[in-house]
Amino acid sequence: MTAGRPFSVHLLGRKRLTVVIAFLALAAGTVLGLSAQNAIWEGWFVDRLFQAKSLLSSENKSQRAPVAVVGLDQVSLNSDRLATVPRVFMSPVLATAGQAVLDAGAAGVGYDFVFAFSADSFADPNTGEERLRGFDRPFLRFLYQNRGKVFVSRTSTGVPHRAISAAAGTSGVRFAEVSPDTDGVVRRHTPELPLIDSPLLIDALLASAEASVSTSYTMIPEHRLASSIPYLSLIDLLALTETEAGRDAIKAFAQDRVILFGSTMPNEDEHLYSDRFLPQLTAEIAETGKSGRPGVRHATAGVFVLADMVGSALSGRIALDPPTGTLVILALAFAIGGTVAGLLLPLPVLPVVAVAGISVAFGISLIGLQSGYLIAPGVAPVAVVTSMIVAAIGKVGVLQRRQRSLVNLFGHYLSEDVIKQMADSEKLPALGGETRHVVVAFLDIVGFTKMSEKLPDHEVVRVVNTCFDMIGQVITKHGGYIDKYIGDAIMAVWNAPNTVENPEQAAVDASREIIALLDEIRKQTGQSSLDLRIALNAGPVLVGDIGGEHRRSFTVMGTTVNTASRIESVAKDTKVRLAFSDPVAGNLQDGYPVKSIWSGRLRGLSHDTHVFTVDDPAVFMEGETPSVPGGDASAPPVNLFKVSN
């Protein structure tokens, strides 16, 4: 395997994988983000948007509400006038109330009741006499005379009596049902055009108020409907019709408004509406009759829902769908952000980024809502979180796994730091290097030649590998880097390519630990005569890639390396297992037990070199006494003190 081409090919595959992962993350984020529209949980975000918008709105209502409600409530049913009247026989009362608001200038009237029965058709069960014939005549006359302005309800399960349908006319009977979102909450209305011909009660009332609505819209309530929509109890309205002052009050209440009649009794035609988390309007501001209004409940009375669906369109409290392509662009933009974060940022940071992305997305939706558009609030959060998760999984599960495998594989040949640097930069380092201060060590197996003459080749390999493995573990443990194996010797370096705080101390400590392992090495190899010799030198070297584009080697070069090699011959002549130069000795800890063993000029150098060892019996060859083969033989040995340069 060459040092160049296969590695580059490997990295090229990583680039392609990164592109594939980024594409998958973008696609997943965009698609799942767009699919989040109308998800069952998206309504929760919409309700939070309404809450935020409500907090930003003023409580004082400067605009007159275009829709009001007259409610058949518990106060009305308990009143002296209506307590004895069954609800099926209240049509004359409703006709009186309806005519009163029309006379007061109401733009339109809607009844959120299904008049499924007519009192005119009731007969005495004993005699068969139709005692109530003509009872509904006032209501029928009222419907007939106000066709186009008065509308009664029907549902998919209930229709008005044929007499009432005939009096109201085909256009006077409309569907009053509303369509909830997937989470069961009513938030949206889709009108059928033209409004005047629509089968929906909401559209008919919009047409009576001359509204111009041409597309689907989402209602934006600002308060709880039961506390904010102008309201009169039915019994209050009936009482006001009896006096001139009361009729003036009705005019103030109903003029130019759409008036809806309906039940506000608990558990009757109630719906979950998007107002349920909003604040209540204070009683001082709310427009309410003498008898007050029903209490606010979790679910909202259907007549209030209809009133707000009409009133929001008339007052502009609606949000339209954003322009075509907006959501696609938004989903793609947030998916890009999530992909970049997932690929580039550390995993512990991603939850913070996800929260930030969701917050930004919520802010964008809130700005859109303020501008009259409902930007689906689930699209961007899902896009950013999904793309981030896919990208992070791809990075950890594929890219980093390949990078770890690459580091582990080439780590047997090169420094882990060098491999990581190449993997991160996705290119081979430039030829050449930098000058660094290092400690260079030469570790030689003594007696290797004689041993190799006696042993088979495979046994020689086993012995050498065992020695190198045990020695290499110690070197790595102390921050050293094995530069190369030279036959039966090891060349190691401290402070290159990795950084070691005190390379001299680390190198000497590692050497002493290796010497302490000598007995174990002999035991593991079965060679009792095997011994070690270590030479250390410190100084500047050139660190980097040496060679060509097709074959190169990471190594260190310079006089410091050559000097270390020469010091090994001093160790051999002085019969010591460890020898190191003055620059190494000068940077050991204070009081370190060093011993001068030689001083003189090494071969090939132009200056004198002082060589030291450790004052420890373990560093001397068995049965040997150190000698001084050159230099100043009369110089006394130096014991137990730190040698300075």
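Described in the following lines is the structure provided in the data block.

So, how was this worked out
Within each chain, residues carry numbers counting from 1 in the order of the written sequence. Thresholds applied to this predicted model are a pLDDT of at least 70 for local features of residues and 80 or more for the giving and counting of side-chain atom pairs; totals over whole chains, interfaces and linings are not thresholded and use all residues. The side-chain numbers reported here are obtained from all heavy atoms of the structure, hydrogens and water having been left aside. Any carboxyl oxygen of Asp or Glu within 4 Å of a side-chain nitrogen of Lys or Arg constitutes a salt bridge here. Summary of the burial criterion: residues with accessible area below 20% of their type's maximum are buried, those above 50% are exposed, and those between are partly exposed, where the area comes from a 1.4 Å probe applied to protein chains only. The way it works is that DSSP assigns letters per residue, a run of H or I at least four long becomes a helix, a run of E at least two long becomes a strand, and they are numbered from the N terminus. Here a polar contact is recorded for every N or O atom pair within 3.5 Å, except that within protein the pair must consist of a potential hydrogen donor and a potential acceptor, and residues adjacent in sequence are included only if both atoms are side-chain atoms. Residue contacts follow a heavy-atom distance rule, with two residues in contact if any of their heavy atoms lie within 4.5 Å. Here, the term nonpolar core denotes a set of buried Ala, Val, Leu, Ile, Met, Phe, Trp, Tyr and Cys residues that are joined through side-chain atoms within 4.5 Å.

**With respect to the pattern of salt bridges**
Scanning all chains against the criterion turns up 22 salt bridges. We note a salt bridge from Asp181 to Arg187, for which the minimum N-O separation is 3.1 Å. On the basis of relative accessible area, Asp181 is assigned to the partly exposed category, the value being 29%. Taking the relative accessible area as the measure of exposure, Arg187 reaches 2% and is therefore buried. Note that Arg247 is salt-bridged to Glu244, the shortest N-O span being 2.9 Å. Taken together, the positions of Arg247 and Glu244, both in helix 10 (residues 244-254) and three residues apart, correspond to about one turn of that helix. Members of the salt-bridge network, linked through shared partners, are Asp47, Asp181, Asp183, Arg187 and Arg276.

**Regarding the side chain of Ser511**
Topologically, Ser511 is positioned in helix 18 (residues 503-516). For Ser511, the side chain forms a polar contact with the main-chain oxygen of Ala507, separated by 2.8 Å. Discounting residues that sit within four places of it in the chain, Ser511 has contacts with Ile534, Leu536 and Leu578.

**Some points on the nonpolar core**
Residues Leu443, Ile475, Trp494, Leu536 and Phe580 are the most contacted members of the largest nonpolar core, which totals 55 residues. Counting residues per element, this core draws most heavily on helix 17 (residues 457-477), at nine residues. The contact partners of Trp494, leaving out residues within four places of it in the chain, are Val438, Val439, Ala441, Ile475, His478, Gly479, Gly480, Val500, Pro503, Ala506, Ala507 and Ala510. Counting residues in each nonpolar core, the second largest holds 40 residues, with Val93, Tyr111, Ile164 and Phe253 among its members.

**Here we look at the side chain of Ser263**
By the secondary structure assignment, Ser263 is in strand 9 (residues 258-263). Looking at Ser263, the relative accessible area reads 10%, which means it is buried. There is a polar contact of 3.2 Å between the side chain of Ser263 and the backbone nitrogen of Met265. A polar contact of 2.6 Å, which involves the side chain of Ser263, links it to the side chain of Glu268. Leaving out residues up to four positions away in the same chain, Ser263 has contacts with Leu72, Arg87, Phe113, Glu268, Ala301 and Val303.

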